Amino acid sequence: MCTTCGCGTGETRVAGRVVPGQEETQQAARGHAPPRSTELGGGGAQRRMSYVALAADGEHSAQAHGSTGHAHHHAHPHTHLRADEEVTAEATTASRMVQIERDILARNNGYAAQNRRRFDDQGIFALNLVSSPGSGKTSLLCRTIAALHAKLSKLPIAVIEGDQQSSHDAERIRASGAPAVQINTGKGCHLDAHMVGHAVDELAPADDSLLLIENVGNLVCPAAFDLGEAHKVVILSVTEGEDKPLKYSGMFAAASLMLLNKIDLLPHVSFSVERAIAYARQINPQLQVIEVSATTGEGLEQWLAWLSAGCTARQEKKQGTMAALRRRIVELEAQLTAAAGG
C-alpha cells in the first residue's frame, strides 16, 4: 500500500473486468509520490515532485507493530547508527526514492504517450477533470452533456468515470445521453494512463469526438499522472475553502482551466470569488477561470464555447497532419517515378 495515499494493488477494474497488466503497474506504484507544492508565484515549469519514504523489504513501521507508546518486541535486532552512518543511510534512501519515482512516472508517461498519439490520430479532444470529492464534477458533466447535445448535436461525446467503488456515476452519465465506461480503482486514489488506455479500448470513442475523463476525487496524486489528455480542468466549488489553490498548488499549477462551480450558492456561503481566483493565479498565472453553476446553468455558455474551441482546434490539427502526410506521399511517389524513369 502506498505510504502516503493508500493505493492498493490488483484491484483496478474497467467496466467490471480486471485490467490486464495493471498488477505490475500498481506494484511499481506502491511508493509513488504526490506532487510537491509549487513555490508561490511559480508556474507549471517550476513544479517539482515530493518523495515518499519507502521502507526496505522486511522493514516494519511502528504502526505495523501496533505501537501505542508502550514497549513491544521485534524478531529482528535494532541497530543504532553513528551520525555519519545516518547521513549515508539518509542519502541512500533519498537516492532510491528519486529513482523509484522516476521509474513510476516514466512507465506512466509511456502509456500516456500512446494514449496521446491515439487521440491525435483520431482528432479526439480529451480532458482530465480533477477535483476534491463533492465539487459537483458529475452533476456538471451531466449538465454539460445535455447542453452540448442541444447546441452541438453532431459532436460525439464519451466519458470515462473514475471512482474507487461503484458504477453510480457512469450510470448517471449514460442517463444523460453519453456512452460511459467505469474504472474502479479499489484502494487507488487516482487514474493512470494504463487504466485509461484500457478504458478507451472498451469505450472506442469516435473520431473527432470529445472525451471527458472524470478522475477520482483527489487533488494530490492525480496532478502527477499524465493520462494523455490535452488539458487538466480543475473544479473548485464555492462550498470549499477559497485558499484550496494554495493548499493543493500542484494541481492548480498543472491545470489549464479552473471551473468555479456552485456559484448559485454564493449568497449562502462565506466565499470570496476574487480571493479564490487570485490565489489560483498566484500559483498559475496562465490559468483560465470560468464561473459556473451545474444547478442553474449560469456560466455554461462560456464553458461550452471553451469546449467547442478545443474540439475544433484538435480536429484542425488532425486535418493538418493528414494533409501533410498526403503531400509527403505525393512527393515520394514523384521521386520514385523520377528514379524509375532515370
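From a predicted model like this one, the values you see are computed outputs, not experimental measurements.

1. Regarding the side chain of T144
Along the chain, T144 turns up in helix α3 (residues 137-151). Taking the relative accessible area as the measure of exposure, T144 reaches 0% and is therefore buried. Apart from the residues within four sequence positions on either side, T144 is in contact with L300, W303, L304 and L307.

2. Regarding the confidence of the model for the protein chain
Scored by pLDDT, the protein chain has a mean of 80; 70% of the residues are at 70 or more. Of the regions scoring below 50 in pLDDT, residues 1-6 engages in 16 contacts with residues more than four places distant in sequence or in other chains. Ignoring residues within four places in sequence, the model shows residues 27-81, a span with pLDDT below 50, making 92 contacts including any to other chains.

3. A short note on the nonpolar core
Grouped together as the largest cluster of nonpolar side chains are 31 residues, with contacts concentrated most on L127, L210, L259, W303 and W306. When residues of this core are traced back to their parent elements, those giving at least two are β5 (125-130), α3, β6 (157-163), α4 (168-175), β8 (210-214), β9 (231-237), β10 (257-261) and α9 (300-341). Not counting residues within four places of it along the chain, the set of residues in contact with L127 comprises L210, L211, L212, I213, E229, H231, V233, W303, W306 and L307. Ranked by size, the runner-up nonpolar core spans 21 residues in total, among them V130, L236, I263 and V273.

4. Describing the side chain of S209
In this fold, S209 is placed in the loop between α5 (193-203) and β8. Using a relative accessible area of 1% as the deciding quantity, one classes S209 as buried. A distance of 2.6 Å separates a polar side-chain atom of S209 from the backbone oxygen of A206. Not counting residues up to four positions away in its chain, the partners in contact with S209 are G123, I124, F125, L155 and P156.

Criteria and thresholds
Residues numbered from 1 in each chain as written. Predicted model: local features only at pLDDT ≥ 70, side-chain atom pairs only at ≥ 80, totals over all residues. Heavy atoms only, no water. Helix = DSSP H or I, 4+ residues; strand = E, 2+ residues; numbered from the N terminus. Buried < 20%, exposed > 50% of the residue type's maximum accessible area, 1.4 Å probe, protein only. Contact = heavy atoms within 4.5 Å. pLDDT = per-residue confidence, 0-100. Core = buried A, V, L, I, M, F, W, Y, C linked by side-chain atoms within 4.5 Å. Polar contact = N/O pair within 3.5 Å; in protein donor to acceptor, adjacent residues only side chain to side chain.

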